[in-house]
Amino acid sequence: MKITDQAIDQAYSDLKGTCKGVRNDYFGLVYLENEFNIPRDEAVNLVAFGGNDYGVDGFYFDRERRNFYLFQFKYSESYNLFKGSFQRLTDSGMERIFGAQTQDSKKNDLLEQIHSSLLENQAIIDKVYIHFVFMGDPADAERSSVLDKLREDLENKRHLLDKHFGKQVTLVIEFRSGKAKK
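These numbers were taken from a predicted model, which means no experiment stands behind them. (Residues numbered from 1 in each chain as written. Predicted model: local features only at pLDDT ≥ 70, side-chain atom pairs only at ≥ 80, totals over all residues. Heavy atoms only, no water.)

Trainee: Lay out the packing of helix 4 (residues 82-98) against helix 5 (residues 110-121) with the relevant residues and their values.
Mentor: Helix packing for two helices is described by the angle between their axes and how far apart those axes are. Contact geometry for helix 4 and helix 5: axes closest at 9 Å, N-to-C directions at 45°. Judged by the inter-axis angle, helix 4 sits oblique to helix 5. Along the contact surface, helix 4 presents R96, I97 and F98, while helix 5 presents L111, I114, H115 and L118. Across the contact of helix 4 with helix 5, the residue classes break down as five nonpolar, one polar and one charged. (Axes fitted to C-alpha atoms, helices over the stretch in contact; angles between N-to-C directions. Helix = DSSP H or I, 4+ residues; strand = E, 2+ residues; numbered from the N terminus. Parallel < 35°, antiparallel > 145°, perpendicular 65-115°, else oblique. Contact = heavy atoms within 4.5 Å. Nonpolar A, V, L, I, M, F, W, Y, C, P; charged D, E, K, R; others polar.)

Trainee: So what's going on with the nonpolar core? Which residues, and what values?
Mentor: One finds F98 and I114 to be the most contacted residues of the largest nonpolar core, which totals 59 residues. For this core, the leading source of residues is helix 2 (residues 26-36), giving seven residues. When near neighbours in sequence (up to four residues on either side) are disregarded, F98 contacts L70, L118, V128, L160, L161, H164 and F165. (Core = buried A, V, L, I, M, F, W, Y, C linked by side-chain atoms within 4.5 Å. Buried < 20%, exposed > 50% of the residue type's maximum accessible area, 1.4 Å probe, protein only.)

Trainee: Could you give an account of the layout of surface pockets, naming the residues involved and the relevant values?
Mentor: Approximately 240 Å³ is the volume found for the largest pocket. Around the largest pocket, the lining is made up of 15 residues, and of these N24, D25, D57, F73 and K74 lie nearest the centre. Across the lining of the largest pocket, the residue classes tally to four nonpolar, six polar and five charged. (1 Å grid on protein atoms, 1.4 Å probe; cavity = no way out; pocket = protein on both sides within 12 Å on 5 of 7 lines; lining within 4 Å. Points joined across faces, edges and corners; volume = space filled by probe spheres on them.)

Trainee: Just give me the short version of the pairing of strand 1 (residues 58-62), but keep the residues and values in it.
Mentor: Counting buried positions along strand 1 gives five out of five residues, so the element sits mostly inside the fold. Neither face of strand 1 is left uncovered, since the one carrying G58, Y60 and D62 and the one carrying F59 and F61 both have all their residues buried. For strand 1 and strand 2 (residues 67-73), the ladder comprises five bridges, and the chain directions are antiparallel. Looking across to strand 2, one finds that G58 is bridged to F71. Linkage of strand 1 to strand 2, two consecutive antiparallel strands, is achieved through a turn of four residues, within which R66 is found at a positive phi near 65°. (Pairing = 2+ DSSP bridges.)

Structural data, given as structure tokens:
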């Protein structure tokens, strides 16, 4: 199912009173619902509404595949918007998620939920995916030399995953489009 303005508008209209945030925050919610067939009442607990992130807007644990997903969502066709997100994730996000013993709930309570899910499932997680999701063409983002350098910097933080899990865990960083499912 294609993510549409109408679907985002409807989610925003239905939930803005309880979840807060801005309209574009609901892109992540609609994406998770469609990509993983997650019911809305579960999906609202997997995304951040509002700013103050460390480069992560959402997460999902796929028990069957043993994969843990972190997401950065941009409701735009421009992959250039990911530069700041990469930087925040590299500078402090990876440490906050995989290294810190305490979380900064005043900045983003989603981090506490991520941390809890990781602790609960760490023995069965084999891969961590970081998906940068936008409405543009992932191939264009892949060709960006700036994003390639930022990806390399982020990949250099993989030691935090190995330490956190006590084993080698595969780290995969990908660009995804919200234009079509899978």
